[in-house]
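# Report on the structure
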Amino acid sequence: MANALRVLAMDAVEAAKSGHPGMPMGMADAATAIFSGPMKYDAANPSWPDRDRFVLSAGHGSMLLYGLLHLTGNPSMTLDQIKNFRQLGALTAGHPEVGHPPGVETTTGPLGQGIATAVGMAMAEAKLQAEFGRDLVDHKTWVIASDGDLMEGVSHEAGAIAGHLGLGKLIVLWDDNSISIDGAIELSASDDVLKRFESYGWATARVDGHDAAAVGAALEKAAADLSRPTLISCRTTIGFGAPNKAGKASSHGAPLGSEEIAGARKALNWPHPAFEIPAEIQSMWRKAGAAGASEREAWEARFKNAPSNVQAEFNRRMSGELPTELKSKISSYKAQLLSDQPKIATRQASQQALEVINAAVPETMGGSADLTGSNLTITKGMDAYSTANRSGRYVYWGIREHGMAAAANGIALHGGLIPYTATFLIFTDYCRPAIRLAALMGKRQIFVMTHDSIGLGEDGPTHQPVEHLASLRAMPNLLTMRPADAIETAECWEIALTQQSRPSVIALSRQGTPTVSPGGDENRSSKGGYIISESDGDLKAVLIATGTEVPLALEAKKILQAKGIGTRVVSMPCTELFDEQDASYRETILPKQTLKAAIEAGSTYGWERYVGDGPIIGMTTFGASAPANDLYNHFRITAEALAQAVEKRLEA
């Protein structure tokens, strides 16, 4: 059975003339032990809710996963897909991509992301079991990770939080082959990985990765230990079976070549042609793939016998649909804000919006990277998620921004929960690989990023984001929202929650800002940009602003209108949503023949798309340490500077 995985990997990589045969050949025995052993898996129904999750963190060895799916009988992973490995339009991408096909639980390839994502999956399973009971939620998360995965910093963050939380249903098999691309691992590492994970609170074991019985026994022991996660070192030979390249870096990331493949077939006693699997071996694999069908059927019977209200709520949660009453609750909340006209920081407004949201949406699961009192992401009644309290809705992630964001991807991927995570906007740098994967995978995660500009003040340029908004806006399939006031903040939260196929960043201020939005039942922010104040008289200039600079644009309008210059102010909380509107709407908001100017306390980069050669008031350097008002004046991010720039351009 293991050799079938090896030859499919060799043959597919050879046909594609690119790929990574070494890892699948080395971990074939261990993978066989998982899929023919304790893993709860039904190949014919790879998406049923209580299945075990399998994560190939070592995503470069994608042919191992594709081979497993094909051999076990996944209906989408045909032999033609295997033969078209790495070709345009095939499901068999160079690195696994979530849902291509169902059975690929997450996108992997950037090392460390898979194991960290798996931590979130295990967290989600424990949380949902606490809510719905063991009859409906009781499964494990299995991972194959490489040396490289465990070198990456994110593995330290994720491993530590997993041990701290006692995630006993998380089992990681480490492909301990002592080889990296550059050569032997000893060139770059000498740490004791098992002792490191033991210090995190994990159980550990070391086995011969080519001894299926030994691996199977270790898996059974790990599965029985529900008090802590397990890391199993599988000592393997990369490229196992290749006569000249086994155990060498040369088998890692390139086709073996026809002569080496012929030698491997002889060494493995595999006399069959390329892509041919003998019926007897195929039958053994199909039997393994169908072994979980009885468990799925038993689960379906238990689900059918559950109370109707439990069934309805479980289905709603797993489908990702929001409670129907959320919209009316946010509308009522906005009406109250319009009446109260608060002048508060948008981070405070976010917490107030979350009070409404978390009361109405039980599936939200929040957390912060040791900045709860600054991010303001916890609300009344949110208990800590912990070993003792799996029903808790708030995760104290510690100072682990990358691990937090990656694990939250796993929570989102698992289904049934909507994660939101928080830190300072500057530290999106630490979260960025996971943010990018959330966007690539099209998963709803909400990144709450406070202290969004030089307005954070005295902490200085190390903590003041400048280029961050521009770089996040450059990322495909990510909404980057910067609300102007409490009303827009509520609208941005509503938008983020309704995005089932993309993540959102909500950038929030430290400093207070007045209510300027007109409110109403309509979610004006959903169009990305809208007229917040129309011109008096003939339109001569349009001022575009985001966040705390919207009030500055409104002040600049007063200056210009006093001089007879008809000025419109456009609040643009989300450029991506504005870009998605039809041309007619965009032209109505930003007329082509009218002078346009922008103001934002961040990088000026990118605003030329909206203002052309019009003035842009913003940051072209790093910030400085001083009170916020002094910084705005020092960097000339003021209403007066904007008005002067517009007036000068009109006079030119």
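Residues numbered from 1 in each chain as written. Predicted model: local features only at pLDDT ≥ 70, side-chain atom pairs only at ≥ 80, totals over all residues. Heavy atoms only, no water.

### Some thoughts on the pattern of salt bridges
This is how it is decided: The salt bridge criterion pairs a side-chain nitrogen of Lys or Arg with a carboxyl oxygen of Asp or Glu, the two atoms within 4 Å. Note on conventions: DSSP H or I runs of at least 4 residues are helices, E runs of at least 2 residues are strands, and numbering of each starts at the N terminus. Using a 1.4 Å probe on the protein chains alone, a residue whose accessible area is under 20% of its type maximum counts as buried, one over 50% counts as exposed, and one in between counts as partly exposed.
The final tally for this structure, using the stated rule, is 31 salt bridges. Among the ionic pairs, Asp-11 bridges to Arg-265, the shortest N-O distance being 2.8 Å. Residue Asp-11 is located in helix H1 (residues 2–16), and its partner Arg-265 is located in helix H10 (residues 258–267); the two are separated by 254 residues in the primary sequence. Residue Asp-11 shares its accessibility class with Arg-265, and that shared class is buried. The shortest N-O distance in the salt bridge between Arg-482 and Glu-549 comes to 2.5 Å. Remark: Glu-549 occurs in the loop between strand E17 (539–545) and helix H21 (550–562) and Arg-482 occurs in the loop between strand E13 (479–481) and helix H20 (486–498); sequence separation between them is 67 residues. One salt-bridge network, in which partners are shared between bridges, spans Lys-127, Glu-131, Glu-313, Arg-316, Arg-317 and Glu-363.

### Re the pairing of E17
Formally: A pair of strands counts as paired when DSSP detects no fewer than two bridges linking them. Think of it like this: strands point away, you trace from the first strand over the helix to the second, and a clockwise trace means the crossover is right-handed.
When you tally the buried positions in E17, you get 5 out of 7 residues, the bulk of the element. Taken together, the 6 bridges between E17 and strand E18 (residues 566–571) define a ladder with parallel strand orientation. Looking across to E18, one finds that Ala-541 is bridged to Thr-567. Running through H21, the crossover from E17 to the neighbouring parallel element E18 is right-handed. As paired strands, E17 and strand E19 (residues 595–603) are joined by 5 bridges and run parallel to one another. The residue of E19 that forms the bridge with Ile-544 is Ala-598.

### Details of the environment of Phe-35
Here is the rule: Contacts are assigned to residue pairs that have any heavy atoms within 4.5 Å of one another.
Position of Phe-35 relative to the elements: it lies in helix H2 (residues 22–35). Among all residues touching Phe-35, those that are not within four sequence positions of it are Tyr-41, Phe-54, Leu-68, Thr-72, Trp-285 and Ala-288.

### Focus: H20
We apply this condition: Expected helix span is computed as 1.5 Å times (number of residues minus one). Counting of polar contacts relies on pairs of N or O atoms within 3.5 Å, with two restrictions inside protein: one atom must be capable of donating a hydrogen and the other of accepting it, and residues adjacent in sequence are counted only when both atoms are side-chain atoms.
Taking 1.5 Å per residue as the helical rise, H20 with its 13 residues ought to reach 18 Å, and the 19 Å between its terminal C-alpha atoms agrees with that figure. All buried positions along H20 are accounted for by Ala-486, Ile-487, Glu-488, Thr-489, Ala-490, Glu-491, Cys-492, Trp-493, Glu-494, Ile-495, Ala-496 and Leu-497. Two to three positions downstream of the cap, the backbone nitrogen of Ile-487 sits 3.2 Å from a side-chain oxygen, assigning the N-cap of H20 to Asp-485.

### With respect to the packing of aromatic side chains
Stated formally: Two rings belonging to Phe, Tyr or Trp (six-membered ring only in the last case) form a pair when the distance between their centres is within 6.5 Å. Interplanar angles under 30 degrees mark stacking, angles over 60 mark edge-to-face geometry, and anything in between is tilted. Both a distance and an angle decide whether a charge sits over a ring: NZ of Lys or CZ of Arg must be within 6 Å of the ring centre and within 35 degrees of the ring normal.
A complete count under the given rule lists 17 aromatic pairs for this structure. Taken together, a centroid distance of 5.1 Å and an interplanar angle of 80° make the contact between Phe-35 and Phe-54 edge-to-face. Separated by 19 residues along the polypeptide, Phe-35 in helix H2 and Phe-54 in strand E1 (residues 53–56) bring together distant segments of the chain. In this structure, Phe-35 and Phe-54 share a single accessibility class: buried. Ring geometry for Phe-424 versus Phe-427: centroids 6.2 Å apart, planes at 15°, classification stacked. Relative accessible area serves as the criterion here: at 7%, Phe-424 is assigned to the buried category. Cluster of aromatic residues (ring-pair linked, three or more members): Trp-48, Phe-132, Trp-299, Phe-303 and Phe-314. Against the face of Tyr-585 rests Lys-527, its NZ or CZ located 5.2 Å from the ring centre.

### Overview of the sheet that holds E17
Counted only if it meets this: Here an angle of 0 to 180 degrees is reported between the N-to-C directions of two axes, which are lines fitted to C-alpha atoms, with helices fitted over the stretch in contact.
With respect to topology, 5 strands assemble into an open sheet ordered E16-E18-E17-E19-E20, the strand pairing being mixed. In this open sheet, the two strands that pair with only one neighbour each are strand E16 (530–533) and strand E20 (616–619). Across the sheet, the axes of successive neighbouring strands diverge by a mean angle of 25°, strand direction being ignored. Where E19 and E20 come together, 3 bridges link them in parallel fashion. Across the sheet, the residue bridging to Ser-603 is Met-619, located in E20.

### Description of the packing of helix H17 (residues 401–414) against helix H18 (residues 428–441)
Which entries qualify depends on this criterion: In these notes the angle categories are as follows: under 35 degrees is roughly parallel, over 145 is roughly antiparallel, 65 to 115 is roughly perpendicular, and the rest is oblique. Crossing handedness follows the turn of the near helix against the far one: under a right angle anticlockwise gives a left-handed crossing, and clockwise gives a right-handed one. Following the grouping adopted for this structure description, the nonpolar residues are Ala, Val, Leu, Ile, Met, Phe, Trp, Tyr, Cys and Pro, the charged ones are Asp, Glu, Lys and Arg, and the polar ones are all others, Gly among them.
Contact pair H17 / H18: the axes reach a minimum separation of 6 Å and the direction vectors enclose 20°. Taken together, H17 and H18 sit at an angle that is classed as roughly parallel. Here H17 and H18 pass one another in a crossing that is right-handed. Side by side, H17 and H18 meet where Glu-401, His-402, Ala-405, Ala-406, Asn-409 and Leu-413 of the first sit next to Tyr-430, Cys-431, Pro-433, Ala-434, Leu-437, Ala-438 and Met-441 of the second. Taken together, the residues of the contact of H17 with H18 break down into 10 nonpolar, 2 polar and 1 charged.

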